[in-house]
Structure formats: C-alpha cells, structure tokens
Amino acid sequence: MDYNWDWGVFFRETTFEPGEIYLDWFIYGLGWTIAIALVGWAIALLLGSLLGVLRTVPNRWLSGIATVYVEIFRNVPLLVQLFIWYFLIPDLLPEPLQQWYKLDLSPAASAYLSVVICLGLFTAARVCELVRTGIQALPKGQSSTALALGFRLPQIYRQVLLPQAFRIIIPPLTSEFLNIFKNSSVASLIGLMELLAQTRQTAEFTANLFEAFILTTLIYFSLNMSLMLLMRYVEKKVAVPGLIAMGGK
Amino acid sequence: MISIDKVSKWYGDFQVLTDCTTQVQKGEVVVVCGPSGSGKSTLIKCINALEPFQKGDIAVDGVSLANPKTDLPKLRARVGMVFQHFELFPHLSIIDNLTIAPVKVLGRDKTEAVAKGHQLLERVGLKDHASKHPGQLSGGQQQRVAIARALAMDPIVMLFDEPTSALDPEMVNEVLDVMVQLAQEGMTMMCVTHEMGFARKVASRVIFMDQGKIIEDCAKESFFGDTTARSERAQQFLAKILQH
Ligand SMILES: Nc1ncnc2c1ncn2[C@@H]1O[C@H](COP(=O)(O)OP(=O)(O)OP(=O)(O)O)[C@@H](O)[C@H]1O
Ligand SMILES: [Mg+2]
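Residues numbered from 1 in each chain as written. Chains lettered and ligands numbered in written order. Predicted model: local features only at pLDDT ≥ 70, side-chain atom pairs only at ≥ 80, totals over all residues. Heavy atoms only, no water.

- By the naming in an unreviewed UniProt entry, chain B is Glutamate/aspartate transport system ATP-binding protein, taken from Azomonas macrocytogenes.
- The UniProt entry for chain B carries the following text under Subcellular location (unreviewed entry): "Cell inner membrane".
- Within the UniProt record for chain B, the comment given under Sequence similarities (unreviewed entry) is "Belongs to the ABC transporter superfamily." (UniProt positions renumbered as here; feature names shortened; annotations may be inferred.)

- As annotated in an unreviewed UniProt entry, chain A carries the name Glutamate/aspartate transport system permease protein and is attributed to Azomonas macrocytogenes.
- As recorded by UniProt, the Sequence similarities (unreviewed entry) comment attached to chain A reads in full: "Belongs to the binding-protein-dependent transport system permease family. HisMQ subfamily."

Side note on the overall build of chain A
- Helix and strand content of chain A: ten helices and zero strands.
- Scanning chain A from its N terminus toward the C terminus, one meets helices and strands in the order α-α-α-α-α-α-α-α-α-α.
- Each principal axis of the C-alpha atoms in chain A carries an extent, and together these give about 70 × 55 × 30 Å.
- Sorting the 249 residues of chain A into buried and exposed places 47% on the buried side.
- The long-range fraction of contacts in chain A, counting pairs at least 24 apart against all pairs at least 6 apart in sequence, stands at 72%.
- About 12,900 Å² of surface is accessible on chain A, with carbon and sulfur atoms providing 69% of the total. (Helix = DSSP H or I, 4+ residues; strand = E, 2+ residues; numbered from the N terminus. Buried < 20%, exposed > 50% of the residue type's maximum accessible area, 1.4 Å probe, protein only. Contact = heavy atoms within 4.5 Å. Areas by Shrake-Rupley, 256 points an atom, 1.4 Å probe, with all protein chains shown as cover.)

Side note on the side chain of Glu28(B)
Residue and element names in this part refer to chain B.
- One can find Glu28 in the loop between β2 (14–24) and β3 (29–33).
- The class of Glu28 is buried, set by a relative accessible area of 14%.
- Only 2.9 Å separates the side chain of Glu28 from the side chain of Arg205, close enough to count as a polar contact.
- Setting aside residues up to four positions removed in sequence, Glu28 forms contacts with Gln23, Met187, Thr188, Met189, Ser204 and Arg205. (Polar contact = N/O pair within 3.5 Å; in protein donor to acceptor, adjacent residues only side chain to side chain.)

Structural notes on the domain arrangement of chain B
Residues and elements named next belong to chain B.
- Here the domain parsing of chain B yields domain 1 (1–78 + 156–164 + 187–243) and domain 2 (83–155).
- A separation of 26 Å is found between the C-alpha centroids of domain 1 and domain 2.
- In this complex, domain 1 contributes eleven residues to the contact, which on the side of domain 2 involves eleven residues.
- With both chains or domains summed, domain 1 and domain 2 bury close to 840 Å², and 70% of this area falls on carbon and sulfur atoms.
- A per-residue breakdown of the area domain 1 buries against domain 2 is headed by Ala77, Met158 and Pro163, which together make up 45% of the total.
- If you look at where domain 1 meets domain 2, you find zero salt bridges. (Domains from an automatic or database assignment. Buried area = accessible area lost by both parts, 1.4 Å probe. Salt bridge = Lys/Arg side-chain N within 4 Å of Asp/Glu carboxyl O.)

Things to note about the packing of helix α3 (residues 94–104) of chain B against helix α4 (residues 110–123) of chain B
Residues and elements named next belong to chain B.
- Their axes nearest at 9 Å, the elements α3 and α4 cross at an angle of 130°. Regarding the angle of α3 to α4, the classification is oblique. Where α3 crosses over α4, the handedness of that crossing is right-handed. Where α3 approaches α4, its residues Ile94, Ile95, Asp96, Leu98, Thr99, Pro102 and Val103 are matched on the opposing element by Lys110, Ala113, Val114, Gly117, His118, Leu120 and Leu121.
- By residue class, the composition of the contact of α3 with α4 is nine nonpolar, three polar and two charged. (Axes fitted to C-alpha atoms, helices over the stretch in contact; angles between N-to-C directions. Parallel < 35°, antiparallel > 145°, perpendicular 65-115°, else oblique. Left-handed = near helix turned anticlockwise from the far one by under 90°. Nonpolar A, V, L, I, M, F, W, Y, C, P; charged D, E, K, R; others polar.)

Concerning helix α5 (residues 107–136) of chain A
- Between its first and last C-alpha atoms α5(A) spans 44 Å; for 30 residues at 1.5 Å apiece the expected length is 44 Å, and the two agree.
- With respect to burial, α5(A) is a largely interior element, 21 of its 30 residues being buried. (Expected span 1.5 Å × (residues − 1).)

Some points on the nonpolar core
- Among the nonpolar cores identified, the biggest contains 51 residues, and Leu121(B), Ile147(B), Met158(B), Phe160(B), Met179(B), Met189(B) and Phe198(B) are the most heavily contacted of them.
- If you tally residues by element for this core, the top one is helix α6 (residues 169–184) of chain B, at nine residues.
- Residue assignment places this core across two domains, with domain 1 (1–78 + 156–164 + 187–243) and domain 2 (83–155) of chain B each supplying three or more.
- Of all hydrophobic cores here, the second largest spans 49 residues; its members include Phe122(A), Ile135(A), Ile156(A) and Leu178(A). (Core = buried A, V, L, I, M, F, W, Y, C linked by side-chain atoms within 4.5 Å.)

A few points about the UniProt feature "domain: ABC transporter" (unreviewed entry) in chain B
- With numbering matched to this structure, UniProt assigns "domain: ABC transporter" (unreviewed entry) to residues 2–236 of chain B.
- As a span, residues 2–236 of chain B carries 36% helix and 26% strand, and end to end its C-alpha atoms are 29 Å apart.

Side note on the site of ligand 1
Residue and element names in this part refer to chain B.
- All residues in the neighbourhood of ligand 1 are listed as Tyr11, Phe14, Val16, Pro35, Ser36, Gly37, Ser38, Gly39, Lys40, Ser41, Thr42 and Glu162.
- Here Lys40 contributes a side-chain N or O atom positioned 2.8 Å from an oxygen atom of ligand 1.
- At 2.6 Å, a side-chain N or O of Ser41 approaches an oxygen atom of ligand 1.
- Considered on its own, ligand 1 offers 640 Å² of accessible surface; in the complex 59% of this is hidden by protein.
- Among the secondary structure elements, those contributing two or more residues to the shell around ligand 1 are β2 and α1 (40–47).
- Residue contributions to the shell around ligand 1 peak at three residues, all from α1.
- The residue inventory of the shell around ligand 1, partitioned by class, reads four nonpolar, six polar and two charged. (Near = heavy atom within 4 Å.)

What follows is the structure, given as structure tokens:
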C-alpha cells in the first residue's frame with residue numbers, strides 16, 4: 001500500500017480559517033459529541049426512570065403505556081428514528097414551531113435538537129427496562145414495609161425502591177451511558193459536525209485518512225474508558241456497607 | 001382498639017379467611033397461632049390494609065377499613081408492623097431507618113426524630129449501632145431495629161408476624177425480651193407466633209386458627225390450662241409445638 005503517513009497533519013492550518021489547525025476540528029467535534037450525549041442522557045435518565053416506575057405501578061393503563069413506549073423505541077432502528085425526527089417530524093409541527101425549527105434555528109442547532117431528542121427517547125426505552133428490572137429485583141417485603149409505615153406510593157418509589165434499584169443497575173446503566181456516546185455518531189448523517197463528521201472532513205481535506213480515524217478511535221476509546229472509571233467510582237461511592245450484592249465490601 | 005367482624009377473603013377461588021371475628025382491646029396482648037397456611041399472616045395483614053378483604057369489616061380505633069373513604073396510608077402510619085424477615089431498608093443507616101417514616105410520613109422535625117431514634121435504639125439495646133447499615137447487623141439485631149422503627153411512629157397498636165421464626169435459635173430471646181418489655185409497658189399487641197413461652201408470659205388471649213377460621217379465641221389461662229376443653233385440632237397442634 002502506498003500511503004504517506006504524516007502525524008503532523010493535525011497541527012497544519014486548515015484551508016478554512018487562518019490560525020485554525022486540524023486538531024481544532026477534532027476538539028469542536030468532541031465538544032458536539034459530548035453535548036449530544038450528555039443532554040441526551042439527561043433526557044434518557046429522567047424519562048427512562050419515569051417509564052421504568054410506570055411499568056411497575058399497580059395500574060394496568062400506566063404500565064401498558066410504558067410497555068408500548070418501550071416496544072416501539074426498542075424495536076425501530078436508531079437510524080430510522082433519527083431520520084424520522086429530522087426529516088418527518090418537523091413537517092408535522094404546528095406552523096409557528098415549524099417556522100422556528102426550519103428558519104430561526106441554525107442548521108447545526110436544528111440537527112442538534114433532532115439528534116438529542118432522538119437519542120434521549122431511544123435510550124429512555126433501554127433505561128426504562130433497566131429501572132424496571134432493578135425495582136422488580138427487590139424483595140416484595142420492601143414495599144409492604146414501606147406501605148405499613150404509612151408511606152404513599154410516590155414516596156415508596158422515591159425513598160425506598162429507587163435508591164436501591166439504581167444501586168443494583170449501575171453496571172448495565174454504565175454501559176447505556178457509554179452507548180449514548182457511541183451512538184451520538186449517527187448525528188454525522190444529518191450534517192452535524194460532531195467527532196465522526198469532523199474526522200471524515202479532515203480525511204477528505206488532507207488525504208490523511210488513517211491518521212484521522214486512528215485519532216478518533218483513540219478519542220472515543222479514552223473517552224469511554226474515563227467514563228467507565230468515573231462510573232466505577234460512583235458505584236463505590238454509593239455502595240451500601242454490609243451489602244455485597246450492591247457493590248459494597 | 002381492633003375489631004374484626006366476619007371477615008372473609010379469597011384468592012381467586014381459594015378462600016383464605018372465613019368469617020373471622022375477634023376484638024383486641026386497648027392494652028391487650030393477643031397471640032395468634034395455628035398450622036402453616038391457616039391464614040395467620042393474611043389476617044394480620046388485613047388489619048393494616050396490606051391485604052384487601054372481600055367481606056366483613058375491620059375497624060382500627062374506630063376507623064373502618066371497608067369504608068372506601070378511609071385514608072389507608074394515614075391509618076397504617078398509626079399501626080406498627082413487624083415482619084418475619086425484618087425488611088429494614090438496606091440502603092439507609094440504622095438511625096435513618098428509624099427517622100425516615102416519622103420525618104417523611106408524619107412531618108416531624110428531623111433533629112427531634114433523630115433524638116427519639118437514639119432513645120429507641122437504647123431501649124432495644126442497640127445504641128452503639130446507630131450509624132451502621134442493616135447488612136452489618138445480625139438477624140436478631142435487625143429485628144430489634146425493626147421493632148424500634150415501628151415504635152418510632154408512636155403506634156396505637158403493634159402487629160407482629162412471626163417475628164422470631166427467621167432467626168437463629170440463640171437470637172430468639174433477645175427479640176422476645178424486647179417484645180415482653182413492650183407488652184409489660186402496656187402496648188396493645190397482636191402477635192402471630194409459635195413462641196408459647198412468650199404467650200404464657202404476657203398474652204391476655206390466644207387465638208388458634210385453622211384453614212382460614214378462628215377456631216379458638218380464649219383467655220391464656222384456659223387455653224393452656226384447660227386443654228381438654230379445646231378443639232381436637234388445637235390439642236393436636238399444641239401437643240406438637242409444646243413437645244420442644
Ligand atoms: N398471594 C397469594 N395468592 C394465592 N394464595 C395465597 C397468597 N398468599 C397466601 N396464599 C395462601 O393463603 C393461605 C394462607 O396463607 P398465610 O400466609 O396467611 O398463612 P400462614 O398461616 O401465615 O402460614 P405460615 O405459618 O406458613 O406463615 C395459604 O394456603 C397460602 O398458600
Ligand atoms: Mg405467615
């Protein structure tokens with residue numbers, strides 16, 4: 001293979017703006033990636049916990065709604081969902097909202113909005129299932145006891161069930177958290193200049209395809225490794241003394 | 001204090017309770033015994049509405065459970081309950097286990113609740129364990145905490161469902177001692193238990209259940225003293241558990 005390796009490429013000035021080097025592109029890209037993933041995760045965690053709770057409440061209608069949600073969002077490919085959010089949904093919005101989305105927002109902002117909603121709702125379905133499993137793994141006596149003490153249902157979830165359920169599901173929750181960072185790369189397909197899109201752009205402009213992709217691989221890898229370590233730390237931090245099942249020693 | 005009036009309950013087609021009727025007066029200690037599956041747990045859970053029943057009524061301190069307008073959580077907050085498997089909240093420290101309900105349910109001041117919690121821990125002999133977590137205590141200690149947790153709500157009556165049957169034998173007495181002390185202080189209690197020593201010591205009355213029915217309901221003295229007057233089922237049962 002005839003290939004000109006040049007690791008100096010990242011420090012070369014781009015053809016776009018004087019003073020801007022290719023490494024800057026990767027930094028902007030990483031910024032978008034993190035912005036997508038964190039906001040998407042916030043949505044996923046809030047909505048997913050709510051849905052997970054609904055799946056376990058003693059009310060058929062509420063748990064039914066949550067089940068339908070999960071089945072829909074889990075069983076349609078992520079990319080299809082993204083295209084729906086980006087290309088179809090805006091046309092269904094009421095006129096003023098459509099105006100705002102298509103004209104007032106910058107192209108990057110509207111793409112960002114679509115991808116954050118898409119990833120947030122997609123991941124919420126997965127978080128929901130984890131939360132449900134966590135709650136159902138608790139001994140039934142825990143909610144009976146809380147009831148017997150006079151707690152009302154929302155308090156039982158808030159004070160007794162969720163704090164325990166979340167501790168149990170930290171490991172699988174961590175992998176969903178990492179997934180949303182990885183999945184954020186779908187944003188490149190609707191023109192948002194996150195890490196993957198910046199990588200492809202660098203590759204096109206410099207012909208240093210290998211360096212660009214190797215750098216990006218390393219960035220994703222170390223990002224995810226650090227998040228994993230962070231979550232391990234959190235897990236240790238919230239571990240309950242005297243309980244091995246919850247990660248304590 | 002508690003009045004149970006012709007209560008019947010079904011799980012599907014299976015009738016767990018049949019026309020159960022009895023009363024518990026203020027200050028009384030009533031022991032409920034009977035073979036496994038006779039409906040003891042079910043009956044006691046009905047009293048604080050943890051289990052619904054289909055016929056009859058139960059009134060606790062004059063409040064009817066069958067009345068759909070009754071605020072059940074509010075009623076349950078006044079009835080203390082201790083379960084076979086302790087069911088402490090494992091993610092909370094011992095003192096937090098004792099204060100969470102008074103603070104969140106009764107809206108008490110946190111510092112007052114903590115002070116009271118420490119008092120109760122002292123009373124059940126665990127004052128040095130306040131900052132531990134349930135997983136760090138033995139079964140007997142956990143059950144004593146569970147009793148203290150129920151007492152922290154200043155209940156008008158305490159219900160116990162086989163509080164010692166999940167314990168190693170050497171831990172049974174530390175829990176019974178707390179219960180005896182409680183009985184002697186005048187607490188109204190209804191206890192499902194097979195600890196006949198406990199019944200002899202503090203019970204006012206003994207109820208014997210079989211197949212969902214209350215078969216015997218009599219003063220302790222006649223239950224243990226005049227066994228020939230007891231039903232055949234009760235005699236067989238007593239013979240079995242009094243052997244050891
Ligand atoms: N949720 C349920 N669904 C169906 N049947 C049940 C349920 N809970 C209890 N039962 C049945 O009801 C009967 C009474 O149960 P209960 O737990 O009240 O008995 P118990 O007297 O407390 O027995 P034990 O001494 O074993 O605790 C049993 O035959 C049991 O199998
Ligand atoms: Mg029982």
